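# Report on the structure
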Amino acid sequence: YALANDPDVVAMSLHTLLEYGDSENLYFVTNPVKRRLMMVGARIGNTLHLDVPFSRETIPWDDVIEPYVDLHRDDPLVLPHFTVALGASMAKPMKPTVRFEDCVTPVQMIASEKSRLWPVHHNKKAYDRLGSPKKEFVLLEGAPQWAMTDEYLKPYTENVIRWFRENGAAIPAAVGAAAAS
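Scope of this entry: the structure provided in the associated data block. (Residues numbered from 1 in each chain as written. Predicted model: local features only at pLDDT ≥ 70, side-chain atom pairs only at ≥ 80, totals over all residues. Heavy atoms only, no water.)

## Some details on the sheet that holds strand β1 (residues 12-14)
A sheet is described by the order of its strands in space; here 3 strands give the open sequence β1-β4-β5, paired in parallel fashion. The open sheet has two free edges, formed respectively by β1 and β5 (135-140), since each of these has just one partner strand. On average, each strand axis in the sheet is inclined to that of its neighbour by 15°, with strand direction left out of account. Relative to strand β4 (residues 107-112), β1 runs parallel, the two sharing 3 bridges. Along β4, the bridge assignment pairs Met12 with Val107. Set on the sheet, helix α5 (residues 120-129) makes contact with β4 and β5; between it and β5 the angle comes to about 175°. (Pairing = 2+ DSSP bridges. Helix = DSSP H or I, 4+ residues; strand = E, 2+ residues; numbered from the N terminus. Axes fitted to C-alpha atoms, helices over the stretch in contact; angles between N-to-C directions. Contact = heavy atoms within 4.5 Å.)

## Remarks on helix α6 (residues 150-166)
With 17 residues, α6 ought to run about 24 Å at 1.5 Å a step, and its terminal C-alpha atoms sit 23 Å apart, in line with that. When we look at burial in α6, the residues that qualify are Tyr152, Tyr156, Asn159, Val160, Ile161, Trp163 and Phe164. Gly168 occupies a position one or two residues after α6 and carries a positive phi of about 85°. (Expected span 1.5 Å × (residues − 1). Buried < 20%, exposed > 50% of the residue type's maximum accessible area, 1.4 Å probe, protein only.)

## Remarks on unusual backbone geometry
Outside of glycine, negative phi angles account for most residues, and trans bonds account for most peptide bonds. One non-glycine residue, Asn5, lies in positive phi territory at about 70°. Note on placement: Asn5 falls in the segment before β1.

## Brief notes about the pattern of salt bridges
Going through the model one piece at a time under the given rule, you end up with 7 salt bridges. Between Asp128 and Lys124 there is a salt bridge whose closest N-O contact spans 2.6 Å. Of this pair, Asp128 and Lys124 both sit in helix α5, separated by 4 residues, roughly a single helical turn. Owing to a relative accessible area of 46%, Asp128 belongs among the partly exposed residues under this scheme. Linking Glu158 and Lys154 is a salt bridge whose minimum nitrogen-to-oxygen distance equals 2.5 Å. Residue Glu158 and its partner Lys154 are located together in helix α6, separated by 4 residues, close to a single helical turn. (Salt bridge = Lys/Arg side-chain N within 4 Å of Asp/Glu carboxyl O.)

## Structural notes on the side chain of Asn159
Along the chain, Asn159 falls in helix α6. For Asn159, the side chain forms a polar contact with the side chain of Arg162, separated by 2.9 Å. Once residues within four sequence positions are removed from consideration, Asn159 is found in contact with Gln108, Ile110, Val138 and Leu140. (Polar contact = N/O pair within 3.5 Å; in protein donor to acceptor, adjacent residues only side chain to side chain.)

Keep in mind these values describe shape, not function.
Structure below.
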């Protein structure tokens, strides 16, 4: 979304749209008091320059990359932990470069119905604020947050390529052919 209203961007397709500092960004933490405390703690820790790691297990990976959780966990290139600074970046209120209401770039929002990381209602709330005169909300029914399967990727990429074509973006023929097959 950082390039909203950029004259060189004819359209964009998003999978999540959130405003930093919104406590719902940590929706997967189901207790709202704990969620608020985590955000405040991350901001305090960052202010004090504490480089305190927190476990990757804080994130509900099953909801993000199922069925590849074991593959992800055993990947030697995956970060073993996250730092307070990362948490603080999500907790600190930051205005987007373009307010959602002032967006004029055509925006497609693709939401995954079964995502617990950023549920449909969270994305829909941000999407509804978009001022773009041309926008589209696509719901991937039964889909998790993300999956590296044909059943997930095919409808996802088909929607993205269709959206960009409808909005004047040049899609190389090889990319379009690959997505259609």
